[in-house]
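# Residue-level structural notes
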Amino acid sequence: MRPIKRALPALLSAAVLFSTATPVFAAEAAAPSEKEEVVYITLAADGAVKNAYVVNSFSGGQITDYGDYASVKMLNTQDPIQQNGDAVTFSTTAQKAYYQGELADAQIPWNISLRYFLDGVEYSADQIAGKSGALEIRFQITKNAACPGTFYEDYALQASFTLDTAQCRNISAPDATIANVGGDKQLTYTVLPGEGIDTTITADVTDFSMDAAAINGIHLNLAVEIDDTQLKDKVSELIDAVEQLDDGAVELSDGSGDLLDGTTDLKDGASSLQSGISELDEGVATLQTGMSTVQQGLDSLQGQSAALVDGSAQVKNALTTIQTAVHSVSISADELAQLTQASGQIKQAISALSDGAAALQANLGYAQYKALMAQNGLDLDLLKEGNTQAIAALGQQIAALQATLDQIAGIPGMEDQAAQLQAQIDQLQQVVTLLEGNNAAIGGTESYLNGIAAQLPALTQGLSALQTQYETFDTAIAQLVDTLGGMLGDLSALSAGVDQLVEQYGTLDTGIVAYTDGVAQIVAGYSQVMEGVASLAEGSKELAAGSDELYAGTVELYDGVVSLCDGAQEMADGTGEFRQETADMDAQIDEEIDDLLDSIGGSMEDPVSFVSEKNTNVTSVQFVLQTEAIETEEPDGPAAAEEADLSFWQKLMQLFGV
């Protein structure tokens, strides 16, 4: 529990009203020479001090008082009063005695300033009286450093202005309490000890005039017990929250450091992947060129197939002709020579086909394809292995990025980083898809080439057997021609031999046709391989472009994570400092509340005399200040009636404004 000022304006108003209205009726003092002081100060309309006097009140008896007065006089008794330097003495039997002391050169605790403006132009109080327009009154109270003592710090003020609503409209006083008093508006300002005021009153005025402003000052001591436990609990909760914030900021900083390490690895991996994919693209281009060369060889081989088929048909026709001729009894030497020449051509064509098939078998196959790619700087096995490793590594990167994304997804202010992470995950997934497609294309090429290569041995073996058989056949033809040449008459044996030769050559011709059909199928299948290689080349270029984009994205992500890491560290430093600064906030709040209460209540010590420090037995000191009124000049008229004689109490009540 601590004292604090509650309902301050209302209590202060009540205290000031009592202090100004009934200063002479204060309770009787318990000891002689104990006194009360009321300081009356008359101010000019601009706030400057014109004159000041002090009314001192005592219980009856032998009185001694001190003050630097220009003159003194008794107010309610006829007792003689003596002034010797700053000592004032008198003796009275009255129950309460009052004397007034005029202050020669009073320094009051406050500098009071009142400035008057009409339509933006400043006027003195005399000049502004009776004018109309937009009025602005600038009211300011500051500390008067020339006044000794702590009155400015210990005394509260209440200032009251009264404006006639018949002359003033649209009254605005933001810092005042406004009340209706008959046809007037009363503006009341409460100025706490040590605070001062700087405020403005505005109104639209006609024939402006204003009653005197009253300012009253009292020693403020308003204490009410309140429970500040709830406030302290809230402060403790705040301190706990700051500690949690600091712990979270440290965790975020550590996490951002781990994220930076992972992003660095990702950037390095993306750079390596970019280089590997670039080499792959160059190798695929080389492969496409080599496959085009093989395509040209197959096209040339297929071009010879027609000649082989035509030559075989000619041999078959020649044998048929010979057979017919033999059966027709006669065979000429020219026909035998033609048969020998045709057989030699067939033998040469079969030899060429056998050599071409052997060369094709030696050069067509996945192993030869790998060797060709290796000669051009691309190891397909290492490529597949690298693709597989890259797919695994990218999978780990995707999992790590996804974990990081899950960590920061709910953190406010991290939406941009989360979007970048999601974009990087999508790009990495596309790269994985392209790498898997690349491996699939390599595997498909291997399967297709191995399938074709598996058929070539049978073809080369058949051609080799055909070549061997035809060499035997050609030898037989040569022997036959020789025999026929020497035995043209032995037509019966010749006819049988020719019939056998025609039958055997029919089988050979069927094999030649089958061979050329096989070559045509190989050429057609190889065209499909070429189309696949073309698609592979196009996909490789897309993969290279994607790897470039991936690397650029990882660089951007890295830069963003670096910024995040720096920001998280800065935040951790700030929250650490905040935590350190708020560690003893509860004690600071407690101290600030004490200071606030002291500033509101002023000093709680006994009041001191305003007129002399020798007066050590003062029960109260009050200040009553009043400005001059702003009045228009009255026309000359009959002299006012002489003031009727007043009794002492009427004079005293009039003195105090009652």
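Because the structure is a prediction, the values reported are computed rather than measured.

## Points about the overall build of the protein chain
- Of regular secondary structure, the protein chain possesses eleven helices and 17 strands.
- Burial analysis of the protein chain (658 residues in total) assigns 40% to the buried set.

## Comments concerning the pattern of salt bridges
- Applying the stated criterion across every chain yields a total of ten salt bridges.
- With its nearest N and O atoms 3.2 Å apart, the salt bridge here joins Asp65 to Lys35. Within this pair, whereas Asp65 is found in strand β3 (residues 49-66), its partner Lys35 is found in strand β2 (residues 35-43), the two being separated by 30 residues in sequence.
- Take Asp65: its relative accessible area is 1%, and that puts it in the buried class.
- On the basis of relative accessible area, Lys35 is assigned to the buried category, the value being 2%.
- In this structure, a network of salt bridges that share partners links the residues Lys35, Glu37 and Asp65.

## Section: the environment of Ser609
- With respect to the helices and strands, the residue Ser609 is situated in the loop between α10 (585-601) and β17 (618-627).
- According to the relative accessible area criterion, Ser609 is buried, its value standing at 8%.
- Sequence spacing of Ser609 and Tyr66 is 543 residues, and the spatial spacing of their C-alpha atoms is 9.5 Å.
- At a separation of 3.2 Å, a polar atom in the side chain of Ser609 contacts the main-chain carbonyl oxygen of Ser612.

## With respect to a nonpolar patch on the surface
- On the surface, Leu245, Met571 and Phe578 cluster together to form a nonpolar patch covering roughly 260 Å² of accessible area.
- The residue Phe578 is located in helix α9 (residues 491-582) in this model.

## With respect to the pairing of β2
- Among the nine residues of β2, eight are classified as buried, and the element is accordingly described as predominantly covered.
- Pairing analysis gives nine bridges linking β2 to β3, with the strands arranged antiparallel. Following the sheet pairing, Leu43 is matched in β3 by Val49.
- The hairpin turn running from β2 into β3, its antiparallel successor, is five residues long, and Gly47 in that turn takes a positive phi close to 100°.

## A few points about the sheet that holds strand β8 (residues 121-123)
- With antiparallel pairing, the five strands of this open sheet are ordered in space as β8-β7-β9-β14-β11. Two strands bound the open sheet, and with one partner strand each, they are β8 and β11 (168-172). Ignoring which end each strand starts from, the neighbouring axes of this sheet average 30° apart.

## Side note on the packing of aromatic side chains
- Taken as a whole and judged by the stated rule, the model has 17 aromatic pairs.
- Ring geometry for Phe139 against Phe161: centres 5.1 Å apart, planes inclined by 75°, an arrangement best described as edge-to-face. Separated by 22 residues along the polypeptide, Phe139 in strand β9 (residues 133-143) and Phe161 in strand β10 (residues 155-164) bring together distant segments of the chain.
- Assessed through its relative accessible area of 0%, Phe139 is described here as buried.

Cut-offs used in this document
Residues numbered from 1 in each chain as written. Predicted model: local features only at pLDDT ≥ 70, side-chain atom pairs only at ≥ 80, totals over all residues. Heavy atoms only, no water. Helix = DSSP H or I, 4+ residues; strand = E, 2+ residues; numbered from the N terminus. Buried < 20%, exposed > 50% of the residue type's maximum accessible area, 1.4 Å probe, protein only. Salt bridge = Lys/Arg side-chain N within 4 Å of Asp/Glu carboxyl O. Polar contact = N/O pair within 3.5 Å; in protein donor to acceptor, adjacent residues only side chain to side chain. Patch = residues over 30% accessible without salt bridge, like charges linked within 9 Å, V, L, I, M, F, W, Y side chains within 5 Å. Areas by Shrake-Rupley, 256 points an atom, 1.4 Å probe, with all protein chains shown as cover. Pairing = 2+ DSSP bridges. Axes fitted to C-alpha atoms, helices over the stretch in contact; angles between N-to-C directions. Phe/Tyr/Trp six-rings, centres within 6.5 Å; stacked < 30°, edge-to-face > 60°.

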